[in-house]
Amino acid sequence: MRGIIQFLKDWTLPSAIVTGTVLYLIFANVPVLDGAARFFNPIFDTIFPFFMGMILFTTFCRVDFHKMRPTAWHWIITVFQVVITAAIAAFIIMSGITGDNLVIAESLLTCVIAPGAAAAAVVTAKLGGNLESMTTYTFVSNFITALLVPTVFPLIDNTLDISFMQAFLAILHKVCLVLVVPMAGAYIVKHYMRGLHRRIISIEDLSFYMWGISLSIVTGSTVKYIAHAGTTVSFVMIIAAISLVMCLVQFAIGRYVGHFFGATVESGQGLGQKNTAFAVWIAYTYLTPLCAVGPGCYILWQNAINSLEIWHHRKKASL
């Protein structure tokens, strides 16, 4: 039993991905569980944002708010995100592509335009990176995405009936719920409820293991998106391969930029680890559901990379 627990601690993210996949396949393919699946699905949809808020709250309890400020690498990888987003959007507009090619291009776009994951701070802390710098970038990235989405999407699809301010405020509302509220709560607890704060930070890797639980839920949802994509297996594999390439490129460029500023971990996670749940929401809201397959696959790739990074960091620490 002790060996199993240690294995789960060492390989939390892969275990979470496998668990989420297996649970979805069981509930989807065992007829007697249909009722349970329909019962739990809306419950998970409702509690998941609150659970993510608790994960970030426990992470932000460790943040020194006085050290939160933008740095050079924030702006460099932000420029990369904006330039690549503009390039993909320009290609879609100028080439006039339609059908499957358009789905592929828009899936790629969602993987780039999506902001840095809120949970990137959790992984960064696990890798020994600067938590304050990563948290600052998360806010910067989400604000940039809030500007990019209502600017770019009406250009690539002129049938969208949205105003810039409407989309901007809708995205900011999500950012506020996911980031601002947990940070405000952490600030209050840290400065005015010191006893509770000490108990929270005394639990080592609490937010990381909570993130592992949430990853099981996200993985189950991702497998569902892929299974119900309404297209061929070969086309899903093409989108999955393209999202893998983009994931590797963004992690690599982020780490390359970061090494000039002593922020390899932070910059790599900032650019590479995306808020894929947000990207899926973008696809369903402004594009087509099939485009959600791209960010859906991306979440599997980025967490595979995160697992390898954590394994490598743990191996170095043990030498």
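Cut-offs applied
- In every chain, residue numbers begin from 1 and rise along the written sequence.
- Residues qualify for local features only when their pLDDT is at least 70, as the model is predicted, and side-chain atom pairs are given and counted only at 80 or more; totals for whole chains, interfaces and linings, by contrast, use all residues.
- Based on all heavy atoms of the structure, the side-chain values leave hydrogens and waters out of the count.
- Where helices and strands are cited, they refer to DSSP runs of H or I of at least four residues and of E of at least two residues respectively, numbered from the N terminus.
- Put simply, the radius of gyration uses C-alpha atoms, and a globule should come to 2.2 Å times the residue count raised to 0.38.
- The buried label goes to any residue with under 20% of its type's maximum accessible area, the exposed label to any with over 50%, and the partly exposed label to all in between, with areas taken from a 1.4 Å probe on protein chains only.
- For every accessible area listed, the method is Shrake-Rupley and the probe measures 1.4 Å; residues are considered covered only by the protein chains on display.
- Any Phe, Tyr or Trp ring, taking Trp's six-membered ring, that has another such ring centre within 6.5 Å forms a pair; planes under 30 degrees apart are called stacked, those over 60 apart edge-to-face, and the others tilted.
- In this description, a nonpolar core means a group of buried Ala, Val, Leu, Ile, Met, Phe, Trp, Tyr and Cys residues linked to one another through side-chain atoms lying within 4.5 Å.
- The contact rule is simple, with two residues in contact once any of their heavy atoms fall within 4.5 Å.
- A patch consists of residues whose relative accessible area exceeds 30% and which take part in no salt bridge; residues with like charges are grouped when within 9 Å of each other, and nonpolar side chains (Val, Leu, Ile, Met, Phe, Trp, Tyr) when within 5 Å.
- Just to be clear on terms, a salt bridge is a Lys or Arg side-chain nitrogen sitting within 4 Å of an Asp or Glu carboxyl oxygen.
- Scored between 0 and 100, pLDDT is the confidence that the predictor attaches to each residue.
- Between the N-to-C directions of two axes lies an angle of 0 to 180 degrees, each axis being a line fitted to C-alpha atoms and, for a helix, fitted only over the stretch in contact.
- The scheme is simple: roughly parallel for angles under 35 degrees, roughly antiparallel for over 145, roughly perpendicular for 65 to 115, oblique for anything else.
- Two helices that cross are described as forming a left-handed crossing if the nearer one is turned anticlockwise from the farther one by less than a right angle, and a right-handed crossing if clockwise.
- Residues are grouped as follows: nonpolar covers Ala, Val, Leu, Ile, Met, Phe, Trp, Tyr, Cys and Pro; charged covers Asp, Glu, Lys and Arg; every other residue, Gly included, is treated as polar.
- When charges are counted, neither His nor the chain ends are considered; positive counts come from Lys and Arg and negative counts from Asp and Glu.
- Any cysteine sulfur atom paired with another within 2.5 Å is treated as part of a disulfide.

Enquirer: I'd like a rundown of the overall build of the chain, residues and numbers included.
Expert: Helix and strand counts for the chain stand at 14 helices and zero strands. Secondary structure elements in the chain, listed N-terminal to C-terminal, are α-α-α-α-α-α-α-α-α-α-α-α-α-α. For 319 residues, the compact-globule estimate of 2.2 N^0.38 gives 20 Å, and the C-alpha radius of gyration of the chain, at 19 Å, lies within 12% of that figure. If one aligns the C-alpha atoms of the chain with their principal axes, the spans along those axes are about 60 × 55 × 40 Å. Of all 319 residues assigned to the chain, the portion counted as buried reaches 47%. When the accessible surface of the chain is summed, it comes to about 15,500 Å², and 70% of that surface belongs to carbon and sulfur atoms.

Enquirer: Residues and numbers for the packing of aromatic side chains, please.
Expert: Within the structure shown, the criterion is met by three aromatic pairs. Both rings, one in Trp-73 and one in Tyr-137, keep their centres 5.5 Å apart while their planes meet at 35°; by these two values the pair is tilted. Residue Trp-73 is found in helix H4 (residues 72-95), and its partner Tyr-137 is found in helix H7 (residues 131-156); the two are separated by 64 residues along the sequence. Here Trp-73 and Tyr-137 have matching classes, each one buried. For the ring pair Tyr-256 and Phe-260, a centre distance of 5.1 Å and an interplane angle of 90° mean the geometry is edge-to-face. As far as burial versus exposure is concerned, Tyr-256 and Phe-260 are alike and both exposed.

Enquirer: Got a sec to walk through the nonpolar core? Specific residues and values, please.
Expert: The biggest cluster of nonpolar side chains holds 67 residues, and the ones touching the most others in it are Phe-60, Val-149, Phe-153, Ile-156 and Ile-282. Among the elements that take part in this core, H7 stands out by supplying 11 residues, more than any other. The residues contacting Phe-60, other than those within four sequence positions of it, are Phe-65, Thr-135, Leu-179, Pro-182, Met-183 and Ala-186. Listed in part, the 18 residues of the second largest apolar core include Ile-55, Phe-208, Met-210 and Val-265.

Enquirer: How would you summarise the environment of Ile-253 if you had to cite specific residues and measurements?
Expert: Here Ile-253 shows up in helix H11 (residues 233-258). Among residues more than four places away in sequence, those in contact with Ile-253 are Phe-80 and Leu-271.

Enquirer: Break down a nonpolar patch on the surface for me, citing the residues and quoting the values.
Expert: There is a patch of nonpolar side chains on the surface, built from Val-18, Val-22, Leu-23, Ile-26 and Val-30 and spanning about 370 Å² of accessible area. In this structure, Ile-26 sits in helix H2 (residues 12-29). According to the relative accessible area criterion, Ile-26 is partly exposed, its value standing at 36%.

Enquirer: With reference to specific residues and values, describe the confidence of the model for the chain.
Expert: Overall, the predicted model of the chain reaches an average pLDDT of 82, with 91% of residues at or above 70. Mean pLDDT values for the elements of the chain range from 61 in helix H1 (residues 2-10) up to 93 in helix H12 (residues 264-272).

Enquirer: Explain the packing of H4 against H12 to me, and be specific about the residues and the numbers.
Expert: At a closest axis distance of 10 Å, the pairing of H4 and H12 adopts a crossing angle of 30°. Classified by the interaxial angle, the pair formed by H4 and H12 is roughly parallel. Once H4 is placed against H12, the crossing between them reads as right-handed. Of the residues in H12, those touching H4 at Trp-73, Ile-77 and Phe-80 are Glu-266, Ser-267, Gly-270 and Leu-271. Among the residues forming the contact of H4 with H12, the class breakdown is four nonpolar, two polar and one charged.

Enquirer: So what's going on with the packing of helix H10 (residues 206-227) against helix H14 (residues 293-318)? Residues and values would help.
Expert: Running from N to C, H10 and H14 point in directions that differ by 145°, and their axes come no closer than 9 Å. Remark: the crossing between H10 and H14 carries left-handed chirality. Taking contact as the criterion, the partners of Phe-208, Trp-211, Leu-215, Val-218, Thr-219, Thr-222, Tyr-225 and Ile-226 in H10 are, on H14, Val-293, Gly-296, Cys-297, Ile-299, Leu-300, Asn-303 and Ile-310. Considering only residue class, the contact of H10 with H14 consists of 11 nonpolar, four polar and no charged.

Enquirer: How would you summarise the side chain of Thr-78 if you had to cite specific residues and measurements?
Expert: For Thr-78, the position within the fold is in helix H4. By relative accessible area, which is 6% here, Thr-78 ends up buried. If sequence neighbours within four positions are ignored, Thr-78 has contacts with Tyr-137, Val-140 and Ile-144.

Enquirer: Lay out the side chain of Glu-132 with the relevant residues and their values.
Expert: Relative to the elements of secondary structure, Glu-132 occurs in helix H7. Within the buried core, Glu-132 has no salt-bridge partner, and the shortest N-O distance to an opposite charge, that of Lys-67, equals 5.8 Å.

Enquirer: Can you lay out the environment of Arg-38 for me, pointing to particular residues and giving the numbers?
Expert: Tracing the backbone through its elements, the reader meets Arg-38 in helix H3 (residues 34-60). It is 26 Å that separates the C-alpha atoms of Arg-38 and Leu-13, two residues lying 25 residues apart in sequence.

Enquirer: Give a detailed account of the state of the cysteines, specifying residues and quantitative values.
Expert: Taken as a whole and judged by the stated rule, the model has zero disulfides. There is no disulfide at Cys-111, and the cysteine sulfur nearest it, in Cys-297, is 8.4 Å away. Note on Cys-111: relative accessible area 2%, which makes it buried. Between Cys-291, a free cysteine, and Cys-111, which holds the nearest cysteine sulfur, the sulfur-to-sulfur gap is 10 Å.

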